[in-house]
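Report on the structure
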Number of protein chains: 2
Amino acid sequence: MMDYNLAWLSYRNIPWYEDRKFFQTIVTREKHVVIKTAVAELCRAAEEMFGMQPEITDRQERKDNFGKNRICLVMDAGISVAGGYRIEEYGGQISIFSGDASGILYGAYALVRRVQRELPLTGLKLQELPDMPLRMLNHWDNMDGSIERGYAGSSFFFKEGEILLNDRTRDYIRLAASVGINGVVINNVNVSGDATRLITDEYELSLKRMAAELEAYGITLYLSLNFAAPIELGDLDTADPEAEEVQSWWKEKMARLFQRIPNLGGFLVKADSEGRPGPFTYGRTHAQGANMLADMIKPYGGLIIWRCFVYNCTQDWRDKKTDRARSAYDNFMPLDGQFAENVILQIKNGPMDFQVREPVSPLFGSLEKTNQILEVQIAQEYTGQQKHVCYLIPMFKEILDFHTYCRKTKDKVSDIVSGRTFLQTECGMAAVANTGSDRNWTGHDLAAANWFGFGRLAFSASLTAEEIAEEWCECTFGPDRETTAAVTRILMMSWPAYEKYTSVLGIGWMVNPGNHYGPNVDGYEYDRWGTYHRADHRGIGVERGRAGTGYTSTYLEPNAAMYENIASCPEELLLFFHYIPYDYKMKSGKTLIQHIYDTHFEGVEDVEKMIGIWEGIRGKIPEEIFRRVKERLNHQREHAEEWRDQVNTYFYRKSFIADEKGRKIY
Amino acid sequence: MMDYNLAWLSYRNIPWYEDRKFFQTIVTREKHVVIKTAVAELCRAAEEMFGMQPEITDRQERKDNFGKNRICLVMDAGISVAGGYRIEEYGGQISIFSGDASGILYGAYALVRRVQRELPLTGLKLQELPDMPLRMLNHWDNMDGSIERGYAGSSFFFKEGEILLNDRTRDYIRLAASVGINGVVINNVNVSGDATRLITDEYELSLKRMAAELEAYGITLYLSLNFAAPIELGDLDTADPEAEEVQSWWKEKMARLFQRIPNLGGFLVKADSEGRPGPFTYGRTHAQGANMLADMIKPYGGLIIWRCFVYNCTQDWRDKKTDRARSAYDNFMPLDGQFAENVILQIKNGPMDFQVREPVSPLFGSLEKTNQILEVQIAQEYTGQQKHVCYLIPMFKEILDFHTYCRKTKDKVSDIVSGRTFLQTECGMAAVANTGSDRNWTGHDLAAANWFGFGRLAFSASLTAEEIAEEWCECTFGPDRETTAAVTRILMMSWPAYEKYTSVLGIGWMVNPGNHYGPNVDGYEYDRWGTYHRADHRGIGVERGRAGTGYTSTYLEPNAAMYENIASCPEELLLFFHYIPYDYKMKSGKTLIQHIYDTHFEGVEDVEKMIGIWEGIRGKIPEEIFRRVKERLNHQREHAEEWRDQVNTYFYRKSFIADEKGRKIY
C-alpha cells in the first residue's frame, strides 16, 4: 500500500485527450537501460492516462499503419549537449532525438508533461539543451533516518543505520529524473557515525543496488565524505592529505569502492566548516585536501565536490572588523587555479547562509580557473520551513541573471555555472533537497514546486519562474486555467511576501537560534556566528563598505562601486551593505523605519490574499491537498503576524518613531 | 574504589585534638536503628580523625573510669520538638539528649562538626531545636539517569530505568542527614515514562530497600506522582479525581504501596503545570485533586505535597494584563481552608521562578488555613548553574525574614513555614537539590555550601549566612582562620556579584531560553512564558502596580502600599514592580541607566576580586579542589564579561545614553 502520492507524476485519467493516439506504438532499436526506462515511463503514462498499452517494437516500418500514431526514440549524434533532446511530430509520428540515452528519457518526460497539460502533440517541435552539465540534489539525510534541516518527515534513504531501497526510493528517482536531475548525494554533508562507514564494505551491496536503480534513470550516485575517515576507520593517527599513509589508505579505499560500485560519481566534502575536520587541521590548503582525494579517484572518472562554506563560527559579536560574508571569498580566491580538474567548488548562492535575500557570492566571476557548482537550498531552512509557502525559483532566477562583469561576454552567474564563461564542463547547480517521507514528499504540497522547479531551471535556465510554476501546477493539478492562475499567483507572491514580513532589506537572520524558525530579532545578535544586524536607537545595518569590513571590494567593478555607494546600492540589499539611520529616505519617499513597518504589515496582508486565492479554488483540487495547504496557510498567517508584531515592536521600542499610519504596534 | 569525596564529611586526621578523649566510650541503652546510626557515625569520626575505636556499652557506670571520657546518648522526653537535641559536657562526660532518635543523630553530627572545627568540647552546652518540621530535598532526577536542571553530572538514584542503591547513595544519605534533612523526593516532579511506574510492583523491592536505608538516618522517602497514572497505568480512560473508578484505583494502589514500603512519607505532585496533567482537565479544583489523593493515604499517615507552580505558559507577549506573577496567588488563595489536613502546598519563594531576585510570594501570610512548604532551589538554574559561585543562603535568609504583616505576632515567612504563625505541624522548607554524580557532588566545590547551608538553615533559621558559611568551610577545609575568612568572603560576595552582572533590579530572566544559561536580554521577551522586561527607548520594567497588572495588591498592607509606591518600593525590586524611565534618579543620585552600567562593571570587578581572594589561599586547600574552583572562577569571569557587555550594549543601543564614566560599551 503506497502511503504517498506521486506529486507531479500523479497522472490523471484523461481518456478524452485526442493525441493519445501517438501512444499506440513506441518504436526504438536502442537497448540502453535508460532508453528502456524511457519506454517504460511512456507506457506507464499511457496506461494511467488513457488506459492504453502501447505496442513496443524495434521495427521502423509497419505494413498496417505506416509511420503513424507512434513515438520513435532515436539516437542522433547531431545533438551534442549531453541530455539534450529534440521532439518533432511529423506525419503522425513523434520522434524524440537525443545524442545520449538520458536525453531520450528527458524527452519522454517532456512529452508526458505536454500530455498532462493536455497540450496538442500534433505539429510539436520542441528542443531543450540542458544549461547545467551537473544538476544535483544534496540530501542532508542521516543514517538514523533523521534529516538535518528536513521539514517533510524522515529520510527515505536511511533508517536505523541501514540503506532503504523500495518503491518509495524508486518513485523518488522517477520524480528526480523527470525534471532532469542527474546526480544525487544521498547522505548529509555532516558525516559522522554510521555515515562515515558508507565507504566501507559494509554498505557495498546496498550502495551497488542503489547506484543501479539510479543509473537506470540517468542519475549518478554521490556520497558525502568524512575527511577524518582515515582516523575513524583506518586506525591512522592523522588525516593529513600530504601524509603517505593517508594517501595510500584513501587510494586503496577508493579503488575498491569504484570497482565495486559502478555509477559512483564521486564525493561531496564539507571540510573545515562548522566543526568538521579538514586540511586546515594539518596546515594544508583546501586545494591540497581536495586534490589529494581527486587524485585517488581520477582513474575512475570520479569528482570531488568541495564546499566553500568555510567561515569562523566562533566570532565575537563585539568585533566589527571580522566579516563572515568575506570568508568564502577570502578562503578560496587565493586558491584559484590550484584545484585539480576533477575538483569542483560548490559555492552557496550568497556569502552568508541561504537567507531570504543575499547578494550573490563574489566568488562567481572572480574564480576563473576553477570548476564551480552553484549551491541553493530548496529545503526551506530560513524561508518558512515548508510550513510557509515560499516559491524560491524567482530568487534563483535573480541569482542566475546576476552580471558578475568578469570581462567575458557571457558574464552572468548562469553562464559561469553552465561552463560557458570559462569553457568548463564540470559545472552546474546543486540544491539542498526538501524531500522526506511525508505523504506529499515535501511537507507543504506547494513546496513540491521548488523541487520540480529547481530541476527544470537547472535544465533550462531561460524558463521564467512563472512558466515553471504553471508547468508544475498543470502537471500536478491538471490544466484548469483558473487553478493554474490562482496557484501560480500564490507561488509568485510567496517569496516577496515572506521577505516582507520577516527580515529587513537584506539584513537576514532575526530567527530563533538553532531551529532557525520564527522571529527573534536579537536571536543571533550577541552570538558567535557572525550574523549581526547592529540595530540601535538611530539605525540598523552592517557597514560592509570601505569604511567598514571592506566586503564591497570583493566584487568586480562596477558591482563593487554599486554596492559601496548607498545611492546606487539596490535597496533590497541596503542593510546588508550599510548601516542606515531610521530616518533615511528611501526611493519611495518613505523613511527606512516606515518602510520596515509598511512591509511588515503588507507581508501579512499578502498572506491573507493568498488564503483568499486558495479558498477560491476549493473543489478544483483534491480535498486532502486543499485542506493540508489551507491548514498551513492558516499557520502561516498567524506566524506572519507574530513576525510582523515582533519586528515592528522591536524597532518601535528602539527608535521610538511612531508608525505614520497609526497602526497597532505593541 | 570511591570516585567521589565526602564533602563536609571528609574527616581530616587531627590526632592533636585534645578533646578526642571523650570518644573513648560511647554509652547508650537505646536500640533504635537511628541511634545505632548515631553511634556508628561517632565511631567513624573517631576512627578517621583520631584513629580511635570507641568502646560501645549500654552500662551507664563503669568501675575503672567512672563517668569520664565518654559520650552518652540519652532519650529525654523533656525535649519535645522532634529532632531537637541538647549537648552538655559535665564532669568529663558528654551527654546528647533528645526526645527522639533523630535528635540524637543530629546531636552526634553537631558534636562531630565541633570536632572538625577543633573547638573545645569541655564545658560545652548547646541546644538546637529545629525550626522547620519538614526539611526536604527535591531531586529532579529522571529514571534514565539524567537530571532536569542538574549541573553536577548524572543521577545517583537512577540509571537506565533502575534504582541505584550503593555506597554513593549511602554517603548521600549521610551527608543529607548530617545537616538535618528529614525527607527526600528522589524522582523528578515531571513524572513520565518509567517514573510513572515507580508506584507499581516493579520497583517495590528497590524502593523498600531505599526507604530502609533512609530510615536508618531519620529520613523519610517521598516520590513524585503522575496525576494521570490511572490512565497510563490503570487502563482507565480518565484521571478525574471525582470519578469512582479513579478513586478506587488510587485506593488500592496506595494501600499496597504503604503496606509494602514502610517509611514512605507520601507524594509530591506537580499538576496542571507546564503541560503536566491535573484536576483542571476534569473541571476539578486543585483542592479536589489533592484531597482525593490525601484521603487515600491518610490511613498510613501519608502526606500530599502539592506544588503551587501553576501558571499560563502559553501567554501572548502582546498581552500586558495577564501577569504570571499573579498566578500562584490567583489559583490558590480562593482554596484556602479547602485542603485536607494531610495536604501541604509547596510554594516557590517568589512569584516567578527562582530568579536571582524576586519578591516573596504573596501567598505567604495570606494563606491562613493551609499547610505550607517554602520551596527554594539550590540547583543553580538561574544563578550560574554551578559554574558560577553563588551562595544562596543570604537570599533565603532575606526570604525567611520577610514580614508578611498577617496580623499575627509571628508574621515572618520563617514563622509561617515553621508552623508557628498558624499553629501548623506539616510545614517546612524544600530545596530543589544541586547534587549529582560528580566527584564533588555539586559540580562547583563551593556549591556544596548551598546544600549544607540549606539543611542547616531549615534546622536553625536564626543562624546567619556567615555563620553557616564558616561552619561549612571549616568542616570542609579545616579551621584555618585565613582560609575560612577568604572562602566566607567569596561566598558572601557571590550572590550580590551575580545579581550585579546579570539581571537588573528584580527584572529577572534575560537568559537564553531553554537552557537558562548565559545572557540573552530579549531571550524571553517575545515568548509565551509570561517573562517580560518591556524595555524600550525610554525605560524598562513591568508595571505591576494598580495602573498595571495589579499584582501589588496581592500583598497585605503595608507591603502592598510599599510596593505600589515607587518611592517606597525597595530599589532592588524596582523594575519587578514598575516601568521606570532610564533617567529616573535612584537613591544613590545615579540615573537608572547609569546604575545599570555601574552594577554591570562592578559585578565583573567583584568576580576579579573573588579570583584574587581565591588565589590567596593556594596551598591551604587540596590542590585538586583549588584548581577545579579556579577553573570555574576563570570561566565565571569570562562569562560575567559577556553578561556585562551584552546587557550594557543592549541598553546603550536602546537608550543612546552614554556611560558617564566613558567606559567601553560595545
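A quick note: this is a predicted structure, and the numbers were derived from the prediction, not measured.

**Comments concerning the relation of the copies chain A and chain B**
Of the transformation superimposing chain A on chain B, the axial component is 0.0 Å and the angular component is 180°, with the fit at an RMSD of 0.0 Å. Read as a symmetry element, the transformation amounts to a two-fold axis. The rotation axis passes nearest to the C-alpha of Lys654(A) in chain A, at a distance of 2.6 Å. Mapped onto chain B, 100% of the interface residues of chain A are again interface residues, and the two copies thus contact each other with one and the same surface.

**Notes on helix α13 (residues 481-501) of chain A**
Counted at 1.5 Å a residue, the expected span for α13(A) with its 21 residues is 30 Å, and the 30 Å between its end C-alpha atoms agrees. The principal kink in α13(A), of about 35°, is found at Ser494(A), preceding the proline Pro496(A) by one to four residues.

**Considering the sheet that holds strand β10 (residues 183-185) of chain B**
The strands that make up a sheet are held in pairs by hydrogen bonds between backbone atoms, and each pair lies either parallel or antiparallel. Residues and elements named next belong to chain B. Ordered in space as β7-β10-β11-β12-β13-β14-β15-β16, the eight strands form a closed barrel in which the pairing is parallel. Along the sheet, successive strands turn relative to each other by an average axial angle of 25°, direction set aside. In terms of strand pairing, strand β14 (residues 343-348) meets strand β15 (residues 371-377) through five bridges, oriented parallel. Within the sheet, the bridge partner assigned to Ile347 lies in β15 and is Leu374. Across the face of the sheet, helix α6 (residues 244-260) comes into contact with β11 (220-225) and β12 (264-269) while running at roughly 140° to β12.

**Things to note about the packing of aromatic side chains**
Counted according to the given criterion, the structure contains 72 aromatic pairs over all chains. Between Tyr85(B) and Phe459(B), the ring centres sit 6.1 Å apart and the planes meet at 35°, which makes this aromatic pair tilted. Placement of the pair is Tyr85(B) in strand β4 (residues 85-90) and Phe459(B) in helix α11 (residues 448-459), with a sequence separation of 374 residues. Note on Phe258(B) and Tyr300(B): the rings are 5.2 Å apart at their centroids and 10° apart in plane angle, and the pair reads as stacked. Here the residue Phe258(B) occupies a position in helix α6, and Tyr300(B) occupies one in the loop between α7 (286-297) and β13 (303-307), the gap between them amounting to 42 residues. Taking the relative accessible area as the measure of exposure, Tyr300(B) reaches 30% and is therefore partly exposed. Linked through ring pairs, Tyr4(A), Trp8(A), Phe156(A), Phe157(A), Phe158(A), Tyr172(A), Trp441(A), Trp451(A) and Phe452(A) together constitute an aromatic cluster. Between the NZ or CZ atom of Arg318(A) and the centre of the ring of Tyr666(B), over which it lies, the distance is 5.6 Å. A cation over a ring is seen here: Arg324(B) above Tyr311(B), with NZ or CZ 3.7 Å from the ring centre.

**Side note on the interface of chain A and chain B**
Contact residues are listed per partner, giving 20 residues for chain A and 20 residues for chain B. Buried surface at the junction of chain A and chain B, both sides included, amounts to about 2300 Å², of which 55% is carbon and sulfur. When the area that chain A buries against chain B is broken down by residue, the three leading residues are Arg318(A), Tyr526(A) and Arg653(A), summing to 33%. Counting every contact that joins chain A to chain B gives six salt bridges. The residue Arg318(A) makes a salt bridge to Glu642(B) at a minimum N-O spacing of 2.5 Å. Remark: the boundary between chain A and chain B carries 15 residue pairs in polar contact (both at pLDDT 80 or more).

**A look at the pattern of salt bridges**
Two side chains bearing opposite charge may form a pair once their charged atoms approach each other closely. Summed over all chains, the structure comprises 104 salt bridges over all chains. Its salt-bridge partner being Glu499(B), residue Arg357(B) comes within 2.8 Å of it at the nearest N-O pair. You can see Arg357(B) sitting in the loop between β14 and β15 and its partner Glu499(B) sitting in helix α13 (residues 481-501), a full 142 residues away along the chain. Among the residues examined, Arg357(B) registers a relative accessible area of 12% and is labelled buried. Each of Asp316(A), Arg318(A), Glu642(B), Arg644(B) and Asp645(B) takes part in one network of salt bridges that share partners.

**Some remarks on the confidence of the model for chain A**
This prediction gives chain A a mean pLDDT of 96; 99% of its residues lie at or above 70. Two numbers describe this predicted complex: its pTM, 0.91, and its ipTM, 0.85.

**A word on α7(B)**
All names here are of chain B. Taking 1.5 Å of rise per residue, twelve residues should cover 16 Å, and α7 covers 17 Å from first to last C-alpha, within 8% of that figure. Where burial is concerned, most of α7 is hidden: ten out of the twelve residues are buried. Listed as buried for α7 are His286, Ala287, Gly289, Ala290, Asn291, Met292, Leu293, Ala294, Met296 and Ile297. Those residues of α7 that are buried are in contact with β11, α6, β12, β13, α8 (327-332) and β14. With a side-chain oxygen positioned 3.2 Å from the backbone nitrogen of Ala287, the residue opening α7 is Thr285.

**Digging into the pairing of β4(B)**
Successive residues of a regular strand alternate their side chains across the two faces of the sheet. All names here are of chain B. On β4, burial follows the alternation: Tyr85, Ile87 and Glu89 on one face are buried, whereas Arg86, Glu88 and Tyr90 on the facing-out side are not. Note: β4 against strand β5 (residues 93-98), six bridges, orientation antiparallel. Directly across from Glu89, in β5, lies its bridge partner Ile94. The hairpin turn running from β4 into β5, its antiparallel successor, is two residues long, and Gly91 in that turn takes a positive phi close to 60°. As paired elements, β4 and strand β6 (residues 125-128) share four bridges and run antiparallel to each other. Its bridge partner lying in β6, Glu88 is registered against Lys125.

**Describing the pairing of strand β7 (residues 134-138) of chain B**
All names here are of chain B. By the criterion of burial, β7 is predominantly enclosed, with five of the five residues buried. The alternating pattern of β7 places Leu134, Met136 and Asn138 on one face and Arg135 and Leu137 on the opposite face, and all of these are buried. Across five bridges, the pairing between β7 and strand β16 (residues 428-432) is parallel. Within the sheet, the bridge partner assigned to Asn138 lies in β16 and is Val432.

Thresholds applied
Residues numbered from 1 in each chain as written. Chains lettered and ligands numbered in written order. Predicted model: local features only at pLDDT ≥ 70, side-chain atom pairs only at ≥ 80, totals over all residues. Heavy atoms only, no water. Least-squares fit on C-alpha atoms with pLDDT ≥ 70 in both. Contact = heavy atoms within 4.5 Å. Helix = DSSP H or I, 4+ residues; strand = E, 2+ residues; numbered from the N terminus. Expected span 1.5 Å × (residues − 1). Bend = angle between axes of the 7 residues up to and from the residue. Pairing = 2+ DSSP bridges. Axes fitted to C-alpha atoms, helices over the stretch in contact; angles between N-to-C directions. Phe/Tyr/Trp six-rings, centres within 6.5 Å; stacked < 30°, edge-to-face > 60°. Buried < 20%, exposed > 50% of the residue type's maximum accessible area, 1.4 Å probe, protein only. Lys NZ or Arg CZ within 6 Å of the ring centre and 35° of its normal. Buried area = accessible area lost by both parts, 1.4 Å probe. Salt bridge = Lys/Arg side-chain N within 4 Å of Asp/Glu carboxyl O. Polar contact = N/O pair within 3.5 Å; in protein donor to acceptor, adjacent residues only side chain to side chain. pLDDT = per-residue confidence, 0-100.

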